[in-house]
Amino acid sequence: MRLPTRVPPPIQARWTSGVLRLACLGLCPLVIHAPSARAADPLEVAGGLGNMVNDALSERARELFEERDRVVSGLDSPSAVEERQQYVRDRFVDALGGFPERTPLNARITGTLERGDYRVEMLVYESLPGFHVTANVYVPRGQAPPFPAVLGAAGHTANGKASATYQHAWISMAKRGFLVLAFDPPGQGERSLYFDLDLGRSRVGIGTREHTLSGLQCLLTGHHFARYELWDAIRGVDYLVTREDVDPERLAVAGNSGGGTQAAYLAVVEPRLAVAISSCYMTSWKQLWFEPGPQDAEQDLPGFLAHGLDFADYATAFAPRPFQILSAVQDFFPIAGARAAYEEAQRVYGVLGEADRIGFFEHDDTHGWSRPRREATYRWLERWLHGRADDGAEPAHVTELESDLYATPTGQVSTSYEGAETVQTLNRGVAEEMFPRRTAAGVKTVEDLRALVRSRLKNTEPPREVAVTAGAVLPREGYRIDKASLQTAPGITVPVLVFIPEGGPARKPAVLVVDGAGKASQAGEGGDIEGLVRSGHVVLAPDPRGIGESQPTSASGGYRPVWQMLQRALLVDRTILGLQAEDLLAVFHHLSGREDVDAHRIAVLGRGQGGILALTLALLEPRVEKVALEGTVLSYLEMARARYHEDLVASFVPGVLKDFDLPDLAAALAPRVLWIVDPRTPTKAPVSVERTHREYEPTLRAYERAGRSDAFRVLHRPEAWPMEKIYSDWLDSR
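Anyway, here's the lowdown on the structure attached to this text.

Conventions used here
- Residues numbered from 1 in each chain as written.
- Predicted model: local features only at pLDDT ≥ 70, side-chain atom pairs only at ≥ 80, totals over all residues.
- Heavy atoms only, no water.
- Helix = DSSP H or I, 4+ residues; strand = E, 2+ residues; numbered from the N terminus.
- Expected span 1.5 Å × (residues − 1).
- Buried < 20%, exposed > 50% of the residue type's maximum accessible area, 1.4 Å probe, protein only.
- Arc of directions from axis to C-beta.
- Axes fitted to C-alpha atoms, helices over the stretch in contact; angles between N-to-C directions.
- Parallel < 35°, antiparallel > 145°, perpendicular 65-115°, else oblique.
- Left-handed = near helix turned anticlockwise from the far one by under 90°.
- Contact = heavy atoms within 4.5 Å.
- Nonpolar A, V, L, I, M, F, W, Y, C, P; charged D, E, K, R; others polar.
- Salt bridge = Lys/Arg side-chain N within 4 Å of Asp/Glu carboxyl O.
- Pairing = 2+ DSSP bridges.
- Phe/Tyr/Trp six-rings, centres within 6.5 Å; stacked < 30°, edge-to-face > 60°.

Some thoughts on helix α5 (residues 225–240)
One turn of an α-helix holds 3.6 residues; hence residues three or four places apart share an orientation. The end-to-end C-alpha separation of α5 is 23 Å, in line with the 22 Å expected for 16 residues at 1.5 Å each. Within α5, 16 of the 16 residues are buried, which leaves the element mostly enclosed by the surrounding structure.

Here it is as structure tokens:
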């Protein structure tokens, strides 16, 4: 697995002991000292909340680890193991979103290299219609077929199957009499998902970055990026068993890093395999959760920990067939976790009377399919597929140029085959088919829709009373700002700013401002919030968990903090959006109970990603009088349709399009006032009023039926127009 963010030569940045070091090739290191302290933010309320969300999720993870330990300790009979195996398979396939139906492979050999005692065939097959898989088939020569065959799964290298490290493995296997099908995973090698012809490379970054972009979109349909990787592999096995030179009873999978992930996963879902080998992947979530944390899109399955699963279950599901774990002592997949996974698997294999069929090899080096681990691979394959002992020694090999191993005419699927599918286009097709059948289309009552939304968001009712800690007061001309902290759940602090105008009635109308950029985004003097306050409204601006002051600040391995926060939530079967909605329900309850607020006149204004939260809050809380969304993405369907998306990570909800979309929530607000101001695409481009009306056609119909067509408006905010000018009618509307 490659780190997803890497600064290209000649400059690479590393943080070391609070110092940013820029190592310049051929030059002396330049050292830039980080500032010792930052200036105090007058709008900060609590401080020190950067780890709060992850800490709370970690507490839940610890509970789940303990529950799982109790379950696996009871695997003391073959029948108990068999029951566990079926449970693991069922939960695993559910997390993937199931598999598609088999379609014609359309396999064809596009070229051949003759290399003495083996040859390399260039292969293209379609795991799904138009979804081309590029592969190299290494065929032994001078030996009698049928051969045992190995499905070779590449890790996160830019050149996929053609990586020199992997070529050494494929060639060594072929020379030993194994036929090898080495294939490019989606987003690597000849299968870039975001190839840009003008740039001559991926527009977003090959490998993990491509996986992240498409992987998030797959969540919307209840599918998973790993589903596509595994289906490629399963169809690769389908191809192998059609070859007369392959022995279908002696099939194996072997891979490293991202390929080790695929090998472990395939061990769960592919019954035709006789042997599985996973290098530099197997560990335990008890260790990985904390450092380095969740990693690539295909490696984090929603609900995985909540369902009591862990890495060792991959081997358990494969038992009693031979499964080998290869590990690096200095890997970022913790070695302690790898050893623990082996010990658990060893107990399971022992219960089945096959303790010698689970293997473990570790070497004191760093992440990668290094020569010691490759040689351990050959020994395992020789033992179980050839039935012979072997020292596994790997002689020197001459590897091929990447271009000589191309299976496509241009070296890229996207430029070789017109209309070639990608993970994003396939998932978009699923979303388009799913949308008309979404559950919300048949829901009869708003209460039923609320229950549906709560279920999908994993949202639970928060305590109606929250603990409030008052903070400092900031005086401003004509109003003041009260700072406070609300305890909305155990271990959860929601900082709020309350803007209170001078004078006016004892109970004033209020606006709850939910800004995806944080409560302080428009809180400066002359900002939008000041315009609301000067119109006579009490304004409360909160930071729901994960936003503003509690935005996560730490992550490992080059992954974005918000990405790891989302994955941690999904692993324990929560959603960030659902957790934030819990906070906002508690905040609304607090606001409605203030002595200076008219509880019947509370509006909600959401900005950016906060618009999704504002819409969700208004659905779940019928006391919200009116709603406005500004600069918010048009819909979840648009997020699935778009080739690219930006800064929406925390808003992705697994399976949301099965149940509802934002226009459904908007329709349920009728006849309450709803404005959509400056709607945006997933890449933050403006959307026209006409297009928004088309997307929100269910909302238009709902407001027409309610006799309040005037209450639903879509409009643009001209640049530099102040809050009062654009929103005066909204504030006055009832």
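A short note on helix α23 (residues 723–732)
What α23 keeps buried is the set Met723, Ile726, Tyr727, Trp730 and Leu731. The buried residues of α23 occupy an angular sector of 125° when the element is viewed end-on, so they sit on one face.

Quick word on the packing of helix α2 (residues 78–96) against helix α6 (residues 258–269)
Interaxial distance between α2 and α6 falls to 9 Å at its minimum, and their mutual angle equals 120°. By the angle between their axes, α2 is oblique relative to α6. Viewed along their axes, α2 and α6 form a crossing whose handedness is left-handed. Packed against α2, whose contacting residues are Val88, Arg89, Phe92 and Val93, the element α6 presents Tyr265, Val268 and Val269 at the interface. Taken together, the residues that form the contact of α2 with α6 break down as 6 nonpolar, no polar and 1 charged.

Section: the pattern of salt bridges
Counted under the stated rule, the structure contains 58 salt bridges. With a shortest N-O distance of 2.6 Å, Lys684 and Asp647 are connected by a salt bridge. With a gap of 37 residues between them, Lys684 in the loop between β22 (673–677) and α21 (689–695) and Asp647 in the loop between α18 (636–641) and α19 (656–659) connect regions that are remote in the sequence. If you follow the salt bridges from partner to partner, you end up with Arg102, Arg235, Asp238, Glu270 and Arg272 in one network.

Quick notes on unusual backbone geometry
The omega torsion of the bond from Glu291 to Pro292 falls at 5°, within 30 degrees of zero and hence cis. With respect to the helices, strands and loops of the structure, Pro292 is situated in the loop between α7 (285–288) and α8 (312–318). In this chain, Ala319 is followed by Pro320 through a cis amide linkage whose omega measures 5°. Turning to its location among the elements, Pro320 is positioned in the loop between α8 and β13 (323–328). Phi at Lys684 is positive, roughly 75°, even though this residue is not glycine.

Examining the packing of α5 against α6
Their axes nearest at 10 Å, the elements α5 and α6 cross at an angle of 70°. Overall, the two elements α5 and α6 adopt an arrangement that is roughly perpendicular. Touching Ala226, Glu229, Leu230, Ala233 and Ile234 of α5 are Gln262, Tyr265, Leu266 and Val269, all from α6. Across the contact of α5 with α6, the residue classes break down as 7 nonpolar, 1 polar and 1 charged.

As for the sheet that holds strand β23 (residues 712–715)
Strand order across the open sheet formed by 9 strands is β15-β16-β17-β19-β18-β20-β21-β22-β23, with mixed pairing between neighbours. The outermost strands of the open sheet, each flanked by one partner alone, are β15 (467–476) and β23. On average, each strand axis in the sheet is tilted by 20° relative to the strand beside it, whichever way the strands run. Direction of pairing for strand β21 (residues 626–630) relative to β22: parallel, over a ladder of 5 bridges. From the neighbouring strand, Val627 faces β22, where its bridge partner is Leu674. The strands touched by helix α17 (residues 610–620) within the sheet are β18 (508–515), β20 (597–607), β21 and β22, with β20 carrying the most contacts at an inclination of about 145°. Where α23 meets the sheet, it contacts β18, β20, β21, β22 and β23, and its direction lies at approximately 155° from that of β21.

Quick notes on the sheet that holds strand β12 (residues 275–279)
The 9 strands are arranged β4-β5-β6-β8-β7-β11-β12-β13-β14 in an open sheet whose pairing can be described as mixed. Each edge of the open sheet is held by one strand with a lone partner, namely β4 (108–114) and β14 (358–363). On average, adjacent strands in this sheet sit at an angle of 20° to one another, irrespective of strand direction. The pairing of β12 with β13 spans 4 bridges and is classified as parallel.

What to know about the environment of Arg691
Within the element layout of this structure, Arg691 appears in helix α21. Look at Arg691 and you get partly exposed, because its relative accessible area is 28%. C-alpha of Arg691 to C-alpha of Pro679: the two residues are 12 residues apart in sequence and 9.8 Å apart in space. Excluding anything up to four places from it in sequence, Arg691 contacts Leu634, Glu638 and Thr681.

Topic: the packing of aromatic side chains
The final tally for this structure, using the stated rule, is 26 aromatic pairs. Judged by centre distance (5.5 Å) and plane angle (40°), the rings of Tyr194 and Tyr644 are tilted. A residue pair is termed long-range when its members are at least 10 positions apart, and Tyr194 in the loop between β8 (179–183) and β9 (195–196) and Tyr644 in the loop between α18 and α19 qualify at 450 residues. Residue classification places Tyr194 among the buried residues on the basis of a relative accessible area of 1%.

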